[in-house]
Amino acid sequence: SSLPAPAPSASEALARQLADRGWGYADGFLSGPEADALQDYVFSQRAAGNLRVGRAGHEGNTDSGATKNDEYTFLDDASGSAAEPLRVLAKRCNRLLAQHS
């Protein structure tokens, strides 16, 4: 009898999703409290006017012809203890990238 193939790592699964669809998710990437803290941080930054509407260089028009209007903030702009949820996210992203390298 043969053994089942090992489950792909989170980074491999995400890389496959990105290649196939252009987007992906990693279930459990942040814990519930971490996700809640990040959401609170983003909403507070939006309310304070600290997010900028912009487009990444690779973005174009959507299928409907409308221009995407994602809002951005940058880690260089984040300071203080309130930005800790953003730093947690960045560290987790870096760890995921390191696993895939």
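Rules used in this analysis
- Residues numbered from 1 in each chain as written.
- Predicted model: local features only at pLDDT ≥ 70, side-chain atom pairs only at ≥ 80, totals over all residues.
- Heavy atoms only, no water.
- Salt bridge = Lys/Arg side-chain N within 4 Å of Asp/Glu carboxyl O.
- Helix = DSSP H or I, 4+ residues; strand = E, 2+ residues; numbered from the N terminus.
- Buried < 20%, exposed > 50% of the residue type's maximum accessible area, 1.4 Å probe, protein only.
- Contact = heavy atoms within 4.5 Å.
- pLDDT = per-residue confidence, 0-100.
- Axes fitted to C-alpha atoms, helices over the stretch in contact; angles between N-to-C directions.
- Parallel < 35°, antiparallel > 145°, perpendicular 65-115°, else oblique.
- Left-handed = near helix turned anticlockwise from the far one by under 90°.
- Nonpolar A, V, L, I, M, F, W, Y, C, P; charged D, E, K, R; others polar.

**Considering the pattern of salt bridges**
Stage number 1. As enumerated under the stated definition, the model contains two salt bridges in all.
Stage number 2. Residue Glu 34 pairs with Arg 92 through a salt bridge whose shortest N-O separation is 2.8 Å. Highlighted residues: Glu 34 in helix α2 (residues 32-47) and Arg 92 in helix α3 (residues 84-100), separated in sequence by 58 residues.
Stage number 3. Overall, Glu 34 belongs to the partly exposed group, its relative accessible area being 23%.
Stage number 4. Across the pair Glu 84 and Arg 87 runs a salt bridge, and its minimum N-O distance is 3.2 Å. Pair noted here: Glu 84 and Arg 87 are both in helix α3, with a separation of three residues, about one helical turn.

**Description of the side chain of Arg 92**
Stage number 1. Since its relative accessible area comes to 18%, Arg 92 is described here as buried.
Stage number 2. Excluding residues that lie within four positions of it along the chain, Arg 92 makes contacts with Phe 29, Leu 30, Ser 31 and Glu 34.

**With respect to the confidence of the model for the protein**
Stage number 1. Within the protein, residue pLDDT values average 77, and 68% of them lie at 70 or more.
Stage number 2. Averaged pLDDT values over the elements of the protein bottom out at 70 in strand β2 (residues 71-72) and peak at 91 in α2.

**Overview of the environment of Asp 70**
Stage number 1. Structurally, the position occupied by Asp 70 is in the loop between β1 (52-53) and β2.
Stage number 2. Considered as a pair, Asp 70 and Val 53 are 17 residues apart in the sequence and their alpha carbons are 5.9 Å apart.

**What about the packing of α2 against α3?**
Stage number 1. Two elements in contact, α2 and α3, have axes whose closest approach is 8 Å; the angle formed by their N-to-C orientations is 125 degrees. Considered as vectors, α2 and α3 are oriented oblique to each other. Helix-helix and strand crossings are classified by hand; for α2 and α3 the assignment is left-handed. Within the contact between the two elements, α2 uses Glu 34, Ala 37, Leu 38 and Tyr 41 and α3 uses Pro 85, Leu 86, Val 88, Leu 89 and Arg 92.
Stage number 2. Residue composition of the contact of α2 with α3, by class: seven nonpolar, no polar and two charged.

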